Amino acid sequence: MSIRTRFAPSPTGYLHVGGARTALFNWLFARQQGGSFVLRIEDTDKERNTDEARLAIFEGMSWLGMDWDEGPDKGGEFGPYYQSERNEIYNRYFEQLVRADRVYEEDGAWRFRFERKTVTMHDLVCGEVTIDYRDESNTPDMVVKRSDGSYVFHFVNVVDDLEMKISHVIRGEDHLMNTPKHLQLIEAFGCSAPAYAHIPLILNADGSKMSKRDEGAAVGDYQKQGYLPAAVTNFLALLGWNPKTEDEVFSVSELIERFSLEQVNRAPARFDIEKCQWMNQQHLAKLGDEEFAAAARPLVEAAGLALGDQFERIAAAVKAKVRLLSEVPAAIDFILTDTFDLDEEALEKVNNNADIAPILDGLADQFDAITDWSADAAKQALNEFAEAKQTKPGKLMFPLRVALSGRGHGPDLGDILTLLGKQRCLKRLRSFVSKLKST
RNA sequence: GACCCGUUCGUCUAGCGGUCUAGGACUCCGCCCUUUCACGGCGGCAACACGGGUUCGAGUCCCGUACGGGUCGCCA
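To keep things clear, this report deals only with the structure shown in the data block. The structure presented is a predicted model; accordingly, all values stated were derived computationally and were not measured.

Describing the sheet that holds strand E4 (residues 109-112)
Sheets are built from strands paired through backbone hydrogen bonds, the pairs being either parallel or antiparallel.
And step 1. Judged by pairing direction, the sheet is antiparallel, and its three strands sit side by side in the order E3-E4-E7 without closing on themselves. Two strands lie at the open edges of the sheet, namely strand E3 (103-106) and strand E7 (142-145), each paired on one side alone. Strand-to-strand, the axes of this sheet are offset by a mean angle of 45°, without reference to chain direction.
And step 2. Two strands pair when backbone bridges link them, and E4 and E7 are joined in this way by three bridges, in the antiparallel orientation. Residue tryptophan 110 lies in a different strand from E7, and its bridge partner there is lysine 145.
And step 3. Sheet contacts for helix H3 (residues 87-99): E3, E4 and E7; angle to E3, the most-contacted strand, approximately 95°.

Considering helix H13 (residues 344-351)
Quick reminder: α-helices carry 3.6 residues per turn. Residues three or four places apart thus point the same way.
And step 1. All of the buried residues in H13 are Ala346, Leu347 and Val350. Axial view of H13: buried residues confined to an arc of 100°, hence all on one face. Turned more than 90 degrees away from the buried face of H13, the exposed residues are Glu344, Glu345, Glu348 and Lys349.

Considering the layout of surface pockets
And step 1. The space that makes up the largest pocket amounts to roughly 1,100 Å³.
And step 2. Considering the residues around the largest pocket, the lining is formed by 38 residues, among which Pro9, Ser10, Gly19, Asp174 and His175 are closest to the centre.
And step 3. Broken down by secondary-structure element, the contributors of at least two residues to the lining of the largest pocket are strand E1 (4-7), helix H1 (17-33), helix H4 (153-163) and strand E8 (168-172).
And step 4. A total of five residues in the lining of the largest pocket trace back to one element, the largest contributor, which is H1.
And step 5. Of the residues assigned to the lining of the largest pocket, the class counts are 13 nonpolar, 15 polar and ten charged.

Concerning unusual backbone geometry
And step 1. Here the phi dihedral of aspartate 73 falls at roughly 65°; this positive angle occurs in a residue that is not glycine.
And step 2. Structurally, aspartate 73 is set in the loop between helix H2 (51-64) and H3.
And step 3. Within the chain, lysine 165 stands out as a residue other than glycine whose phi angle is a positive 55°.
And step 4. Its place among the elements puts lysine 165 in the loop between H4 and E8.

Remarks on the protein's contact with RNA strand B
And step 1. Around RNA strand B, a shell composed of 59 residues is seen, among which Arg146, Lys244, Lys321, Arg401 and Asp412 lie nearest.
And step 2. Close to the protein, within 4 Å, the atoms of RNA strand B belong to sugar or phosphate groups at a rate of 73%.
And step 3. Within the side chain of serine 10, one N or O atom sits 3.1 Å away from a sugar or linking oxygen of RNA strand B.
And step 4. A distance of 3.2 Å is found between a sugar or linking oxygen of RNA strand B and a side-chain nitrogen or oxygen belonging to glutamate 246.
And step 5. At the level of secondary structure, the elements contributing two or more residues to the surface near RNA strand B comprise E4, strand E6 (127-132), H4, strand E11 (269-270), helix H9 (273-286), helix H15 (375-388) and helix H16 (393-405).
And step 6. Among the elements that line the surface near RNA strand B, the one with the most residues is H16, at five residues.
And step 7. Its residues assigned to classes, the surface near RNA strand B shows 19 nonpolar, 17 polar and 23 charged.

Comments concerning the nonpolar core
And step 1. If you look at the biggest cluster of nonpolar residues, it comprises 110 residues, and the most contacted ones within it are Phe271, Phe292, Val328 and Phe367.
And step 2. Per-element tally for this core: the top contributor is helix H17 (residues 413-438), with eleven residues.
And step 3. Discounting residues that sit within four places of it in the chain, phenylalanine 292 has contacts with Leu284, Leu287, Ala315, Val318, Lys319, Val322, Leu325 and Val328.

Digging into helix H7 (residues 229-237)
And step 1. With seven of nine residues buried, H7 lies mostly within the body of the structure.
And step 2. Buried within H7 we find Ala231, Val232, Thr233, Asn234, Phe235, Leu236 and Ala237.

Quick word on the pairing of E1
And step 1. Because side chains alternate across E1, one face comprises the buried residues Arg4 and Arg6, and the other comprises Thr5 and Phe7, equally buried.
And step 2. Here E1 runs beside strand E2 (residues 36-39); their pairing, made up of four bridges, is parallel. If you follow threonine 5 over to E2, its bridge partner there is phenylalanine 37.
And step 3. This β-α-β element, E1 to H1 to E2, shows right-handed connectivity.

Let's talk about the pattern of salt bridges
And step 1. Scanning the entire structure with this criterion turns up 28 salt bridges.
And step 2. The salt bridge involving aspartate 132 is made with arginine 134; its shortest N-O contact spans 3.0 Å.
And step 3. For aspartate 132, a relative accessible area of 31% corresponds to the partly exposed category.
And step 4. Through salt bridges with shared partners, a single network forms among Arg6, Arg40, Glu42, Arg86, Asp160 and Asp161.

Concerning the packing of H15 against H16
And step 1. Remark: H15 packs on H16, axes separated minimally by 9 Å, with the N-to-C direction vectors making an angle of 125°. As far as their axial angle goes, H16 and H15 are oblique. Crossing hand, H15 versus H16: right-handed. Here Lys379, Leu382, Asn383, Phe385 and Ala386 of H15 lie close against H16, whose contacting residues are Pro393, Leu396, Met397 and Leu400.
And step 2. Residues belonging to the contact of H15 with H16 are distributed by class as follows: seven nonpolar, one polar and one charged.

Comments concerning the side chain of asparagine 234
And step 1. Among the structural elements, asparagine 234 can be located in helix H7.
And step 2. What makes asparagine 234 buried here is its relative accessible area of 0%.
And step 3. Engagement of the side chain of asparagine 234 in a polar contact is seen with the backbone nitrogen of phenylalanine 250, the distance being 2.7 Å.

What counts as what
- Residues numbered from 1 in each chain as written.
- Chains lettered and ligands numbered in written order.
- Predicted model: local features only at pLDDT ≥ 70, side-chain atom pairs only at ≥ 80, totals over all residues.
- Heavy atoms only, no water.
- Pairing = 2+ DSSP bridges.
- Helix = DSSP H or I, 4+ residues; strand = E, 2+ residues; numbered from the N terminus.
- Axes fitted to C-alpha atoms, helices over the stretch in contact; angles between N-to-C directions.
- Contact = heavy atoms within 4.5 Å.
- Buried < 20%, exposed > 50% of the residue type's maximum accessible area, 1.4 Å probe, protein only.
- Arc of directions from axis to C-beta.
- 1 Å grid on protein atoms, 1.4 Å probe; cavity = no way out; pocket = protein on both sides within 12 Å on 5 of 7 lines; lining within 4 Å.
- Points joined across faces, edges and corners; volume = space filled by probe spheres on them.
- Nonpolar A, V, L, I, M, F, W, Y, C, P; charged D, E, K, R; others polar.
- Near = heavy atom within 4 Å.
- Polar contact = N/O pair within 3.5 Å; in protein donor to acceptor, adjacent residues only side chain to side chain.
- Core = buried A, V, L, I, M, F, W, Y, C linked by side-chain atoms within 4.5 Å.
- Right-handed = clockwise from strand over helix to strand, strands pointing away.
- Salt bridge = Lys/Arg side-chain N within 4 Å of Asp/Glu carboxyl O.
- Parallel < 35°, antiparallel > 145°, perpendicular 65-115°, else oblique.
- Left-handed = near helix turned anticlockwise from the far one by under 90°.

What follows is the structure in C-alpha cells.
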C-alpha cells in the first residue's frame with residue numbers, strides 16, 4: 001500500500017498559516033514515507049472562489065518549498081485536480097447512492113440518509129472517538145447535492161480522497177466531527193476508508209481562534225517581512241509536534257527525517273511571533289555570506305538603496321545581528337548612502353561626556369594621518385590616541401560608532417571602518433564633532 | 001444549548017505510575033566573553049486548572065467540576 005497524502009484548500013482567500021501547517025504535516029509525512037503528496041483545489045464554491053486566492057496557494061506552497069507530485073499544472077494519474085472539473089466523477093458516485101436508495105430529495109436538494117448507529121473512528125492523533133448517530137436531532141441527514149445541482153464539500157471531498165487513493169487524511173481538528181459523516185458515505189460506496197489524523201488548530205497569542213485578518217495569519221506576509229521559508233517551516237512544524245530531542249532548529253530535510261504523526265499533540269497551540277522571529281534569526285545565522293546577501297538583496301533594493309559592488313561584504317556584517325531580513329536595509333543604509341538619520345538617543349548618550357567633542361576632533365586628526373587605511377590601522381591609531389589622552393580605547397568606541405553610523409547598534413566597528421573607508425570616516429567624524437559643539 | 005476534543009512555567013513543549021525538590025526552548029533579568037554593537041556561554045524568575053477516587057506510590061490511570069477549542073449550513 002503506497003502512502004498518499006493531500007492538501008485540499010479552497011481558493012477563497014490568501015494562504016493561511018493554519019492551512020500551511022496542515023499542508024506541511026501532509027508533505028512531511030509523504031516525503032518521509034517515500035509516498036506521494038497531492039494538491040487538490042476544492043473550488044466548488046463559485047461565489048467565493050477567486051483567481052488571486054488560487055495563485056496565492058501556489059505561491060505560498062512554492063515559497064515554503066512544499067512541492068506536489070500531482071496537482072494543478074503538474075497533472076497526475078488521478079486528475080483533474082480542480083474539483084470544478086470533476087463533475088462526471090461525482091455524478092457517477094451520486095448515481096450509486098440513488099440506486100442504493102441512500103439519498104432522498106427535499107426542496108430540490110438531495111440528502112444522504114445516515115445509518116442510525118454509533119460510528120467509531122480511529123484517529124491517529126485523537127485516538128478512538130465515537131459519535132452516536134442514533135441521536136437524529138444531533139446528526140440530521142446531510143445535503144450532498146444542492147438544489148442547483150452542485151455537490152457539497154462532504155461529498156466531493158470523500159469521493160476525491162477515494163478516487164485519488166489517498167491513504168492518510170491529515171487535516172485540522174475542525175474536521176473531526178465531519179469524519180463520521182465521511183465514514184458513513186465511504187461505507188455506502190462500499191469502499192474502505194483512509195487513515196485519519198486530526199491535528200490541533202493554531203490560536204492567536206491571546207488564545208482566540210486565528211483566522212484571516214489576524215496578525216501573522218497570511219503566509220505571504222512572512223515572505224514580505226523577510227522570513228526564510230525554512231525558518232517558518234521549522235517554526236510551524238514545532239507547533240503541535242515535537243521531535244523528541246532538545247534541539248529545535250532543524251533544516252527541512254531534518255524535519256522530514258524526524259517527523260512522525262505519533263508525536264503530534266492534541267491541544268491547540270498559540271502562535272508566538274517572538275519565537276518565530278528567533279527561529280528566523282537562527283536560520284539566518286546558518287546561511288553563508290553569499291546566500292544571506294542573495295536573500296537580503298530584494299528587500300534592500302525595495303527600500304530604494306543602491307547596492308554597490310561591496311554589497312555581499314556589507315550584508316555579511318549584519319548577518320548575525322538581524323532577526324528578519326526586512327531589518328537589513330535599515331541596518332546597512334548608512335554604508336550604502338551618506339544620507340541617514342542620527343539617532344537622538346545615541347547622540348544624547350555621547351553628549352553625556354562633555355569633553356568628548358575635542359577628543360573626537362583629535363581622533364579625526366589621528367585618522368587623517370593614516371596613509372594605509374584599514375580597520376587594524378584605524379584601531380591602532382585609536383589605541384595610541386587613547387593612551388595619549390589617558391583614556392581607555394573602549395570609551396571612544398561607542399562615540400566613534402555613533403559618529404560613523406548615526407546609531408548605537410550595528411555592525412562590528414572594524415567592519416564599519418573598513419566598509420566606509422578613510423575619507424567617509426573622516427568626513428562623518430568631523431561633521432559629528434560640529435554637531436556636538438552646537439548642542 | 002447539544003455533541004466532540006483538550007488542560008504542565010506568560011508562550012511552545014519534555015514527561016507515557018516511583019529516576020519529578022518537574023527537564024528544554026522563546027521572552028524578561030543578572031553575570032561572563034567582547035577595547036564597540038551583536039552573537040555566544042553561564043545563571044535566575046516562572047508551571048503539573050480544581051475536587052474526588054484507584055494505588056504502597058499520580059503530573060502520569062478513573063470520575064466529576066471549571067476553563068479553553070471544535071462542530072452542529074443547500075461554506076469549505
